Each structure stands twice: as C-alpha cells, then as structure tokens.
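Here is what each chain is made of, one letter per residue.
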Amino acid sequence: PAPGGRTLPGRAERSRRAGAAGGGAGAAAGGGGEEKRRGGGDDNGSFDVAVVGAGIVGLATARELLQRHPSLALAVLEKEPEPAHHQSGHNSGVIHSGIYYTPGSLKARLCVQGAALCYRYCDQKGIPYKQCGKLIVAVEQDEIPRLKALYERGLQNNVPGLKLIGAKEIQEKEPFCRGLMALDSPHTGIVDYKQVAQSYARDFQEAGGTILTGFEVTDMEMAKESPAQKYFAEYS
Ligand SMILES: Cc1cc2nc3c(=O)[nH]c(=O)nc-3n(C[C@H](O)[C@H](O)[C@H](O)COP(=O)(O)OP(=O)(O)OC[C@H]3O[C@@H](n4cnc5c(N)ncnc54)[C@H](O)[C@@H]3O)c2cc1C
C-alpha cells in the first residue's frame, strides 16, 4: 500500500490517469469484460507482478518480463511524477564497452552484450547517441604496465576494436590530450539515458503494461497464494 493505505487502483481509475497523462497507451486497454487483459490488472487493482521504481532497471525489467510473458498483468510503481526522475536521468550517459570487469564475470559479459544491444535499440527507436570512443591515457611510465593489463582484460572480455596507441596517435585523435600511450576503445559512446528509459516506458505501456506515478511503496507483505505461481515455477 501507498501512504494513507492506498492500494493499486482499479481499471476505471487507471483509465482516468492514463488519459490525464496524455499518453498511457494501453495502460487500461482492453475492456469488453475479459478476465485478464494483456499487461493490465483486474478491476480490483491487482496485478501478477508489480515492479517498484521506474528507473532504467525497473523499466527494462518490466518491459522484458511483459515481452516474455504477454499474459502477465504488470505494473511499475513510481513515487515521482515521471519515470527516470533520479539516477537514470542524471548519470554521465556513457555506454560502457566492458573493459574493466573481471573476465568471465556476468558483469563483463552483460556489459559487452549490453553496449551492442543499446546501440541497436537506439537505432531502432531513433534515439540520438554518439559512438565517440574513449581514450584511457597513461601519462607516466609507471602507468604503462597497468594500461597494458587493462588492454589484456578488455581482449579477454571480447570488447570490440580495442588497441594501444602511441603519443602521436593520441594527439591526432585528441589534440588537447598529452600522453605516452593510450588504450583506444572505439565502441564506447554517449547517450541520454533518460530518453532510453522513457522509450522503455513507452514500449511497456504500448504492450499493455501500467505505470503508476506518484505512487510510493511504503510496505510489502508476502501473499499466501498468488495466481501467478505458475510463472514463478518456471524459474525455480
Ligand atoms: C554519478 C553517476 C554517474 C553514472 N554514470 C553512468 C554512465 O555513464 N553509464 C552507465 O551505464 N551508468 C552510469 N551510472 C549508473 C546508472 O546511472 C545506474 O546504474 C542506473 O541509473 C540505476 O538505475 P535504477 O533504475 O536502479 O535506479 P534509479 O534511476 O534511481 O531508479 C529508481 C527509481 O525507484 C523509485 N523509487 C525508489 N523507492 C521507491 C518506492 N518506495 N516506491 C516507489 N518508487 C520508488 C525512485 O523514485 C526512482 O525513480 C552512474 C551513476 C552515478 C551515481
């Protein structure tokens, strides 16, 4: 429940809010009396899954879950008036290429895959980005072994296009940069993650998912039984 004991709203209330937000396509879609609508909850304001937080992680999770299980009634609950209001809308905007993570780790694998997927998604949706690349620069002799170790790590992680370059090439790429050696990562880029998150939110709503803003989750309890048990069984 939200403050004041507020519970998830029923269909009529969600319909009103979707209209007020001017773009909640599909948030209360359906009607015609079918028991469970694609992505939407039932008339008692109950959902199979509620994701707390409309940051990029919550939105990506909810979007993917609905794509994999279109019959789930899904909601994202966000305490702020809009998605990506906090960290996801205020970060450095770097599409990391995956150099730094420990080889073989999930982070390393997902970062390399994720960067490629992020570029592809931005292309599909027309979200602007710049694949500007990144130079990691050694300015002292004793930094060179560390730079070479980073290069080896990046190769093990299958980061595409990595190469070590010398002082002259550094200047050609970045005239104001001075260094002895640099690791050139051409697949690093920048994007406005707020736009990416907003696009995930649209995808989710267009697939019938419900985003409830101004909805702070203040308490949770374990349900004794859930109509969605069959979905959880797939992952156990
Ligand atoms: C300074 C900085 C720079 C960064 N730069 C980069 C970068 O360049 N590239 C990169 O890939 N990553 C970067 N990151 C990391 C990245 O921003 C985060 O990993 C990502 O934004 C986390 O997303 P999130 O959805 O988990 O969190 P958030 O975006 O914070 O979303 C959480 C949401 O949950 C909501 N919420 C919280 N509690 C409740 C509640 N009780 N009820 C309802 N809603 C609730 C919040 O309002 C918020 O909207 C950076 C991080 C920082 C701090």
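In case you missed it, the structure is sitting above this.
Residues numbered from 1 in each chain as written. Predicted model: local features only at pLDDT ≥ 70, side-chain atom pairs only at ≥ 80, totals over all residues.

To continue, consider the overall build of the chain. Of regular secondary structure, the chain possesses seven helices and nine strands. Here the chain holds 236 residues, and 30% of them are scored as buried. Restricting to contacts in the chain with at least 6 residues of sequence separation, those with at least 24 account for 76%. (Helix = DSSP H or I, 4+ residues; strand = E, 2+ residues; numbered from the N terminus. Buried ≥ 20, exposed ≤ 12 C-beta atoms within 10 Å, placed from the backbone. Contact = placed C-beta atoms within 7 Å.)

Spatial ordering of the open sheet is given by β1-β2-β9, a layout of three strands whose pairing is parallel. Edge positions in the sheet fall to β1 (49–52) and β9 (210–212), since each has one partner strand and no second. Between one strand and the next, the sheet's axes are offset by a mean angle of 20°, whatever the strand orientation. Sheet topology note: the strand β2 (residues 74–77)/β9 ladder contains three bridges and is parallel. Bridged to L77 within β9 is L212. In the packing of helix α2 (residues 56–68) onto the sheet, the strands contacted are β1 and β2, and the crossing angle to β2 comes to about 175°. (Pairing = 2+ DSSP bridges. Axes fitted to C-alpha atoms, helices over the stretch in contact; angles between N-to-C directions.)

Let's shift gears to the sheet that holds strand β6 (residues 163–166). Spatially, β5-β7-β6 is the arrangement adopted by the three strands of the open sheet, whose pairing is antiparallel. Looking at which strands have only one partner, the edges of the open sheet turn out to be β5 (134–138) and β6. Here the strands of the sheet are splayed against their neighbours by 30° on average, with no regard to which way each runs. With four bridges connecting them, β6 and strand β7 (residues 181–185) associate as antiparallel partners. Within β7, the position partnered with L164 by the bridge is L183. Against the sheet, helix α4 (residues 144–156) touches β5, β6 and β7, its axis set at about 20° to β7.

For the rest of this paragraph, the subject is the environment of D42. Along the chain, D42 turns up in the loop between α1 (11–21) and β1. Taking the number of C-beta atoms within 10 Å as the measure of exposure, D42 has 16 and is therefore partly exposed. Here the alpha-carbon distance between D42 and A73, two residues 31 residues apart in the chain, equals 8.0 Å.

The terminal C-alpha atoms of helix α3 (residues 106–125) lie 27 Å apart, and with 20 residues this matches the ideal 28 Å at 1.5 Å per residue to within 8%. Three or more residues of α3 are buried, namely A108, V112, A115 and C122. (Expected span 1.5 Å × (residues − 1).)

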